[in-house]
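Read off the chains here:
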Amino acid sequence: MTALHIQVLADLEAVSTRGAEEFLGCAQEAIAQRGRFLVALTGGSTPRRLYQMLAEDPLRTQLDWGRVQFFWGDERCVPPDHADSNYRMAHEALLSQLSIGPEQVHRMEGERPDLDQSARDYQNTLARVFGVASEGEPPAFDLILLGMGSDGHTASLFPHTQALHEKDRWVVANEVPQHSTHRLTMTYPLLNRGRQVLFMVTGAQKSSTLREVLEGPSDPERLPSQRLQPTQGKLTWLVDTAAAAELSRRS
Ligand code: 6PG
């Protein structure tokens, strides 16, 4: 059973500060032990402040960014310069501020007409960078950042969608009828191999869903975030007091 750590912090700024500490600690340990840090970034609005903090002194100077490989947990089906692009948000808030090369940044190509091929190509990129077979067991990210929607989705694993049932592929195209769109997303087999999985959830609008996900009965078809149970890694939830308002326990 995954060791579950829930930290309740005052607000988004405090969650972002704590998240930046976790990011740097995880990165420094990975680089010390394995010479590099492989991270899957999340999209949405919550992580923007965390990315900005990492891009600013003093935190920016605390990591050898040249040893980091950046991936994304999911992407919208838009070009990389689109306002909705998860890549664009991370590029603006963090990557553009760092002295890194293009070979360190692995964008999901959500703009391609053949999304299934784009997902397959991303899996091949993952295999190449991690140095593993592209059809075998998923590789283990050092850190996977995730958010949670008020519907209980994470990455682009939305309630009652096909990607929830993927058992072999690491990345798939997922039809999301509730938003009349398709997404590219990492799947549970890859996400649950993470050495550390870090959720950041803030805002009162998520309080009832967070209680259901963390304390309610198992219902991962309706609450996909519930199935983030890293097989060997550490699972941490950084939540603010507004999102935690309905939780009965802290751990
Ligand atoms: C995305 C994210 C998604 C996000 C949640 C929470 O592409 O939108 O990957 O899973 O983490 O929707 O989004 P907010 O941080 O904006 O609440």
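Calculation criteria
- Residues numbered from 1 in each chain as written.
- Predicted model: local features only at pLDDT ≥ 70, side-chain atom pairs only at ≥ 80, totals over all residues.
- Heavy atoms only, no water.
- Salt bridge = Lys/Arg side-chain N within 4 Å of Asp/Glu carboxyl O.
- Helix = DSSP H or I, 4+ residues; strand = E, 2+ residues; numbered from the N terminus.
- Buried < 20%, exposed > 50% of the residue type's maximum accessible area, 1.4 Å probe, protein only.
- Arc of directions from axis to C-beta.
- Contact = heavy atoms within 4.5 Å.
- Polar contact = N/O pair within 3.5 Å; in protein donor to acceptor, adjacent residues only side chain to side chain.
- Axes fitted to C-alpha atoms, helices over the stretch in contact; angles between N-to-C directions.
- Parallel < 35°, antiparallel > 145°, perpendicular 65-115°, else oblique.
- Left-handed = near helix turned anticlockwise from the far one by under 90°.
- Near = heavy atom within 4 Å.
- Nonpolar A, V, L, I, M, F, W, Y, C, P; charged D, E, K, R; others polar.
- Pairing = 2+ DSSP bridges.
- Core = buried A, V, L, I, M, F, W, Y, C linked by side-chain atoms within 4.5 Å.

This part is about the pattern of salt bridges. Following the criterion strictly, the structure yields 19 salt bridges and no others. Its salt-bridge partner being Arg183, residue Asp74 comes within 3.6 Å of it at the nearest N-O pair. Of this pair, Asp74 sits in strand E4 (residues 74-76) while Arg183 sits in strand E7 (residues 181-186), and the two are 109 residues apart along the sequence. Grouping residues by exposure puts Asp74 and Arg183 together as buried. With its nearest N and O atoms 2.7 Å apart, the salt bridge here joins Arg222 to Glu212. Linking Arg222 in the loop between helix H6 (207-215) and strand E9 (234-240) with Glu212 in helix H6, this pair joins segments that are 10 residues apart in sequence. Residue classification places Arg222 among the partly exposed positions, given a relative accessible area of 33%. Connected via shared salt-bridge partners are Glu13, Arg49 and Glu56.

A few words on helix H3 (residues 86-93). For the α-helix, the turn length of 3.6 residues means that residues three or four positions removed from each other point alike. The set of residues buried in H3 consists of Asn86, Tyr87, Met89, Ala90 and Ala93. Within H3, the buried residues cover an arc of 165° as seen down the axis, which keeps them to one side. Buried residues belonging to H3 abut strand E2 (37-41), helix H2 (48-55), strand E3 (68-72) and E4. Between the side-chain oxygen at the start of H3 and the backbone nitrogen of Tyr87 there is a gap of 3.1 Å, and the oxygen is on Ser85.

At a minimum axis distance of 8 Å, the contact between helix H1 (residues 12-34) and H2 shows a crossing angle of 55°. As judged from the angle between their axes, H1 and H2 are oblique. Crossing hand, H1 versus H2: right-handed. Facing Glu13, Ser16, Thr17, Gly19, Ala20, Phe23 and Leu24 of H1, the residues of H2 in contact are Arg49, Leu50, Met53 and Leu54.

A word on the site of the ligand. Around the ligand, the structure places 16 residues, and the nearest of them are Thr46, Asp74, Arg76, Ala155 and Lys206. Between the ligand and Thr42, the relevant distance is 3.5 Å, taken from an oxygen atom to a side-chain nitrogen or oxygen of the residue. Note that an oxygen atom of the ligand is positioned 2.8 Å from one of the side-chain N or O atoms of His153. Of the residues that constitute the shell around the ligand, the class distribution is two nonpolar, 10 polar and four charged.

In this section: the sheet that holds E3. Sheet strands pair by backbone hydrogen bonding; their relative direction is either parallel or antiparallel. The parallel open sheet is built from six strands, whose spatial order is E1-E9-E8-E5-E2-E3. Of all the strands in the sheet, just strand E1 (4-9) and E3 have a single pairing partner and so form its edges. When the angles between neighbouring strand axes are averaged without regard to direction, this sheet yields 20°. On top of the sheet, helix H4 (residues 115-130) reaches E2 and E3; it is set at about 160° to E3, its chief contact.

The pairing of strand E6 (residues 171-176) with E7 spans six bridges and is antiparallel. In the sheet register, Val172 faces E7, and the bridge partner there is Thr185. The antiparallel hairpin formed by E6 and E7 contains four residues in its connecting segment, where Ser180 sits at a positive phi of about 50°.

Next up on the list: the nonpolar core. Counting residues in hydrophobic clusters, the biggest one holds 77 residues, and the most contacted among them are Phe23, Phe37, Phe70, Leu126, Phe141, Met186 and Trp237. Counting residues per element, this core draws most heavily on H1, at eight residues. If sequence neighbours within four positions are ignored, Met186 has contacts with Ala40, Phe71, Trp72, Gly73, Met108, Tyr122, Leu126, Phe141, Leu157, Trp170, Val171 and Leu191.

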